[in-house]
Amino acid sequence: MSEHIDDLLRENARLKAELEKINSKKTLSNKRGIFKFVGTLIAGKNLKKSIYNSINEFNEQRKISIDTTSNLIASLIRRITRIGVIGLLVAILPTTLMFYQNNLLKIQNSKIETQTHLAEASRRSTQMFIMGEVLSDVNIELKNSGSSRLSNTLAGRIIGLSRAMKPYRYMVGDKLINEPISPERGQLLISLCKSKIAPSFFVDEILQESDFTKSELIDAKLRGATLRDINLNDANLSGSDLMNVDLQNASLKNTNLSYADLDDANLINANLEGANLKGAFLIRTNLKGANLSGTILDSVKVDRADWLVYIKDKLKIKGATDLFETYKIDSVYYYKTSKLKKPMVLRR
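Please read these numbers as outputs of a predicted model, since none were measured by experiment.

Caption draft 1: Seen up close, the overall build of the protein. Helix and strand content of the protein: nine helices and five strands. Along the protein, helices (α) and strands (β) appear in the sequence α-α-α-α-α-β-β-α-α-β-α-α-β-β when read from the amino end. By the burial criterion, 34% of the 348 residues in the protein qualify as buried. In the protein, 33% of the contacts between residues at least 6 apart in sequence involve partners at least 24 apart. About 21,700 Å² of surface is accessible on the protein, with carbon and sulfur atoms providing 55% of the total.

Okay, here's the thing in structure tokens:
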């Protein structure tokens, strides 16, 4: 009985060995098949045959025919082309993935930046409540004191508020504006101009120490306001009504004054370096001692045909020489309904 069991165990071991041998041959065959497929893909089926035919023909005839040479060259070209295409695809794949990843990062960074600016805008908007309280105190003090001057404490609160209202970027539609600006500073300035604070006190005690740079004052109605010595650098006053405004000694560097009405305005010694005055009205505007270096004057309406010569030779305004070389005066209709042509500054 034991001998029979031993025979069965030996037979079982033999069968296992044969099975393992068969499996190893299959694995080797599969590997060879994969390598053969890759080799065929890269090299091509006919390359080996072309080489063999060329060598065999040379051994037999000591020369190679044109057809055999053509087949060999064609096989080589196919191989080189195929390898190049595969290499290009392999190179393009990680590059494409890298560009896609970079694009996702840009989108993510843009969203983070937008969220950051929106949070900042929300925080800044809370200052409107503080401004409301300050302006309320201004009205109460002016009414109760019977004077057009404010207490030093209240004036200091106004100055501190103007400095605290920092510029920021906010959303217009679905995009952030390009440059930071402060709508709150603009609203504060408009409110103060509409109050009955004495002009001399307003200029000496408030404007000279306040910060109204980068104020947003689009289409503001400031006609006749006294804004001497004010700093409105980089502010946006496009389309504003500034008729008869006193801006003597004001700093208006890089300020947007496009299409603003500055008729009869006082701009004596004002710094308008780099300001944008496109389409603005400068009729009877006093520019004595002003700085117009780098100012944009496209389509500016003026009151005399020799305006460029006048500001250059008579007023000797800084930057007027460059403006004279860049612009000219021509008579045009200001509006479609105009009946008379009037002087306008145009580029040469």
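So much for the structure itself; the text now carries on.
Caption draft 2: Structural context of the packing of aromatic side chains. Inspection of every chain in the model, using the stated rule, returns two aromatic pairs. Ring geometry for tyrosine 168 against tyrosine 170: centres 6.2 Å apart, planes inclined by 65 degrees, an arrangement best described as edge-to-face. Both residues of the pair, tyrosine 168 and tyrosine 170, belong to the buried class. Sitting over the face of the ring of tyrosine 310, arginine 304 holds its NZ or CZ atom 4.0 Å from the ring centroid.

Caption draft 3: Examining the packing of helix α5 (residues 152-164) against helix α6 (residues 183-194) more closely. Running from N to C, α5 and α6 cross one another at 150 degrees; their axes reach a closest spacing of 9 Å. By the angle between their directions, the pair α5 and α6 is classed as roughly antiparallel. Of the two elements, α5 crosses α6, and the hand of that crossing is left-handed. Of the residues in α6, those touching α5 at Ile158, Leu161, Ser162 and Arg163 are Arg185, Leu188 and Leu192.

Caption draft 4: Representation of the confidence of the model for the protein within the structure. Of all residues in the protein, 77% have pLDDT values of 70 or greater, and the mean over the chain is 84. Per-element mean pLDDT across the protein ranges from 63 in helix α1 (residues 2-43) up to 97 in strand β3 (residues 300-301).

Caption draft 5: Representation of the sheet that holds strand β5 (residues 342-347) within the structure. Across the sheet, three strands lie side by side as β3-β5-β4; this open sheet has antiparallel pairing. In this open sheet, the two strands that pair with only one neighbour each are β3 and β4 (327-332).

Calculation rules
- Residues numbered from 1 in each chain as written.
- Predicted model: local features only at pLDDT ≥ 70, side-chain atom pairs only at ≥ 80, totals over all residues.
- Heavy atoms only, no water.
- Helix = DSSP H or I, 4+ residues; strand = E, 2+ residues; numbered from the N terminus.
- Buried < 20%, exposed > 50% of the residue type's maximum accessible area, 1.4 Å probe, protein only.
- Contact = heavy atoms within 4.5 Å.
- Areas by Shrake-Rupley, 256 points an atom, 1.4 Å probe, with all protein chains shown as cover.
- Phe/Tyr/Trp six-rings, centres within 6.5 Å; stacked < 30°, edge-to-face > 60°.
- Lys NZ or Arg CZ within 6 Å of the ring centre and 35° of its normal.
- Axes fitted to C-alpha atoms, helices over the stretch in contact; angles between N-to-C directions.
- Parallel < 35°, antiparallel > 145°, perpendicular 65-115°, else oblique.
- Left-handed = near helix turned anticlockwise from the far one by under 90°.
- pLDDT = per-residue confidence, 0-100.
- Pairing = 2+ DSSP bridges.

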